[in-house]
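# A look at the structure
Given next are the chains, with one letter for each unit.
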Amino acid sequence: MKKHNFSAGPSILPRTAVENAAQAVLDLNGIGLSVLEISHRTPDFEEVLDEAVALFKELLHIPEGYSVLFLGGGASMQFCMVPFNLLERKAGYIHTGVWAKKAIKEARLFGEVEIVASSEDRNFSYIPKGFEIPADLDYLHITTNNTIFGTEYQTDPDSPVMLVADMSSDILSRPVEVSKYGLIYGGAQKNLGPAGVTFVIVRNDILGRVSRTIPTILDYRSHVEGGSMFNTPPVFPIYVVRETLRWLKSIGGVPAVQRLNEEKATLLYNEIDRNSMFVGTAAREDRSLMNACFVYSDRYKEMDIFEFVNFAKERGMIGVKGHRLVGGFRASIYNAMPKESVQALVECMQEFEKQYAR
Ligand SMILES: *Cc1c(COP(=O)(O)O)cnc(C)c1O
């Protein structure tokens, strides 16, 4: 049976990226060695890394003066690396969910943290708006897509201070005005590649301004100077990232994938809104194009969530169980998710309604 992968992360990758990676595991470019076996200092890998960086810059229109890094440690490592490198006196954080909370916890180890706005009062079901941003912050940290709660910034916010963003789950799904940001980071495993590599886009001139001593490996400057080769980078995950970026370019880049993402999300949210058994959990204007969260409607709220999860699974739909903090269901429809799979989920929801609605 065809499987449709709605997992939140690690998650679906373009089929061509997976196939090319499989081939490179057996034999990279016909050199008689596996990509798993080569030195990161060989031209064969340097070419991969250089192309991944170049494609990232090209596809996201990253201006001059920024570096693109591929590091280990996940987005969670960035929760501490960001304040370690950038927080001198006071930073602002927008609290929009679990990942934001973890970032806030780490930042507090390094200086004063002001929660400039929060959506905790309604279980993070919206993106806070209409608040003042103090002008004396070292930076303002946002989480552009809240993977667990299914909310997403629809535009890059205006701010009197530089923005720092966790874009783990919506990187390259829409155009970004990179110049508003001092630093953008994320784990690759949502929209970009396999687990094991973290991307960082950093404006070079913001580094080296804090007075504290930073351990060498946690200092972004080590990685900028070393071109992501300060230590052994995650070679294979970077290879897959390069393949994903090639795929993205081949389908028309970010504007094309954004159109596709809008079509997929519209298809799915229309069904969530139409279907008598389900209701969306996120505020309409803040709905994520990447992670659609929904629960049983009031009338069916006593139903076991596994009724639908298993119903979907029997039809090849994997990973639609929601996070325990929201309950219900979550369909992650990242860049690589084909429209046909979203259509299949919609039909599954319709069939479920026919069978179970009272
Ligand atoms: C998944 C996720 C993380 C955590 O990433 P790790 O690579 O596991 O550390 C952080 N932020 C967001 C928004 C995420 O979706």
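Above this text is the structure in question.
Residues numbered from 1 in each chain as written. Predicted model: local features only at pLDDT ≥ 70, side-chain atom pairs only at ≥ 80, totals over all residues. Heavy atoms only, no water.

## Observations concerning the packing of helix 1 (residues 15-26) against helix 6 (residues 235-250)
The N-to-C vectors of helix 1 and helix 6 enclose an angle of 140 degrees; their axes lie 9 Å apart at closest approach. Taken together, helix 1 and helix 6 sit at an angle that is classed as oblique. Remark: the crossing between helix 1 and helix 6 carries right-handed chirality. Residues Thr-16, Ala-17, Asn-20, Ala-21, Ala-24 and Val-25 of helix 1 pack against Phe-236, Tyr-239, Val-240, Glu-243, Thr-244 and Trp-247 of helix 6. (Axes fitted to C-alpha atoms, helices over the stretch in contact; angles between N-to-C directions. Helix = DSSP H or I, 4+ residues; strand = E, 2+ residues; numbered from the N terminus. Parallel < 35°, antiparallel > 145°, perpendicular 65-115°, else oblique. Left-handed = near helix turned anticlockwise from the far one by under 90°. Contact = heavy atoms within 4.5 Å.)

## A look at the site of the ligand
With respect to spatial proximity, 13 residues lie near the ligand, and among them Ser-76, Thr-147, Asp-166, Gln-189 and Lys-190 are the closest. Between Lys-190 and the ligand, the recorded distance is 2.6 Å, taken from a side-chain N or O atom to an oxygen atom. Broken down by element, the residue count for the shell around the ligand peaks at 4 residues, all from helix 3 (residues 74-86). Broken down by class, the residue content of the shell around the ligand amounts to 3 nonpolar, 8 polar and 2 charged. (Near = heavy atom within 4 Å. Polar contact = N/O pair within 3.5 Å; in protein donor to acceptor, adjacent residues only side chain to side chain. Nonpolar A, V, L, I, M, F, W, Y, C, P; charged D, E, K, R; others polar.)

## Structural notes on the side chain of Ser-297
Inspection of the secondary structure assignment puts Ser-297 in the loop between strand 12 (291-296) and helix 8 (305-314). Residue Ser-297 is classed as buried on the basis of its relative accessible area of 11%. In contact with Ser-297, other than residues within four places in its own chain, are Ser-276, Met-277, Phe-278 and Val-279. (Buried < 20%, exposed > 50% of the residue type's maximum accessible area, 1.4 Å probe, protein only.)

## A few points about the sheet that holds strand 8 (residues 163-166)
Two modes of strand pairing occur in sheets, parallel and antiparallel, and in both the strands are linked by backbone hydrogen bonds. Strand order in the open sheet made by the 7 strands is 2-10-9-8-5-3-4, with mixed pairing throughout. At either end of the open sheet lies a strand with only one pairing partner, and these are strand 2 (66-71) and strand 4 (112-118). For this sheet, the mean angle separating the axes of adjacent strands, direction not counted, is 20 degrees. In the packing of helix 4 (residues 98-107) onto the sheet, contacts are made with strand 3 (90-95), strand 4, strand 5 (140-143), strand 8 and strand 9 (181-187), and the angle to strand 3 comes to roughly 160 degrees. (Pairing = 2+ DSSP bridges.)

## Considering the packing of aromatic side chains
Taken as a whole, this structure holds 20 aromatic pairs when the rule is applied. Judged by centre distance (5.0 Å) and plane angle (55 degrees), the ring pair of Phe-124 and Phe-149 falls under tilted. One end of the pair, Phe-124, is in the loop between strand 4 and strand 5; the other, Phe-149, is in the loop between strand 6 (145-146) and strand 7 (151-152), with 25 residues separating them in the sequence. With relative accessibility at 4%, the residue Phe-149 sits in the buried group. Considering the side-chain rings of Phe-278 and Phe-308, the 5.0 Å spacing of their centres and the 65 degrees angle between planes classify their relative orientation as edge-to-face. Here Phe-278, found in strand 11 (residues 278-280), pairs with Phe-308, found in helix 8; they are 30 residues apart in sequence, far enough to count as distant. The two residues Phe-278 and Phe-308 agree in class, both being buried. Ring pairing ties together the aromatic residues Phe-278, Phe-294, Tyr-296, Phe-308, Phe-311, Phe-329, Phe-352 and Tyr-356, which thus form one cluster. Residue placement shows Arg-122 over the ring face of Tyr-126; its charged tip is 4.2 Å from the ring centre. The cationic tip of Arg-315 hangs over the ring face of Phe-311; the distance from NZ or CZ to the ring centre is 3.6 Å. (Phe/Tyr/Trp six-rings, centres within 6.5 Å; stacked < 30°, edge-to-face > 60°. Lys NZ or Arg CZ within 6 Å of the ring centre and 35° of its normal.)

## Comments concerning helix 9 (residues 339-356)
Here helix 9 is 18 residues long and its end C-alpha atoms lie 26 Å apart, about the 26 Å a rise of 1.5 Å per residue gives. Among the residues of helix 9, Ser-341, Val-342, Ala-344, Leu-345, Val-346, Cys-348, Met-349, Phe-352 and Glu-353 are the ones counted as buried. (Expected span 1.5 Å × (residues − 1).)

## A word on helix 2 (residues 43-60)
Taking 1.5 Å of rise per residue, 18 residues should cover 26 Å, and helix 2 covers 25 Å from first to last C-alpha, within 8% of that figure. Those residues of helix 2 not exposed but buried are Phe-45, Val-48, Leu-49, Ala-52, Val-53, Leu-55, Phe-56, Leu-59 and Leu-60. Axial view of helix 2: buried residues confined to an arc of 165 degrees, hence all on one face. Exposed residues pointing more than 90 degrees away from the buried face of helix 2 are listed as Pro-43 and Asp-50. (Arc of directions from axis to C-beta.)

## What about the side chain of Thr-244?
Residue position: Thr-244 is located in helix 6. For Thr-244, a relative accessible area of 5% gives the class buried. Ignoring sequence-local partners within four residues, the contact set of Thr-244 consists of Leu-13, Pro-14, Ala-17, Asn-191, Leu-192 and Gly-193.

## Thoughts on unusual backbone geometry
Along the chain, Gly-9 connects to Pro-10 via a cis peptide bond; the corresponding omega equals -10 degrees. Following the sequence through the fold, Pro-10 ends up in the loop between strand 1 (4-5) and helix 1. Its identity as a non-glycine residue notwithstanding, His-61 has a phi of 50 degrees, on the positive side. Mapped onto the elements, His-61 comes out in the loop between helix 2 and strand 2. A relative accessible area of 65% places His-61 in the exposed class.

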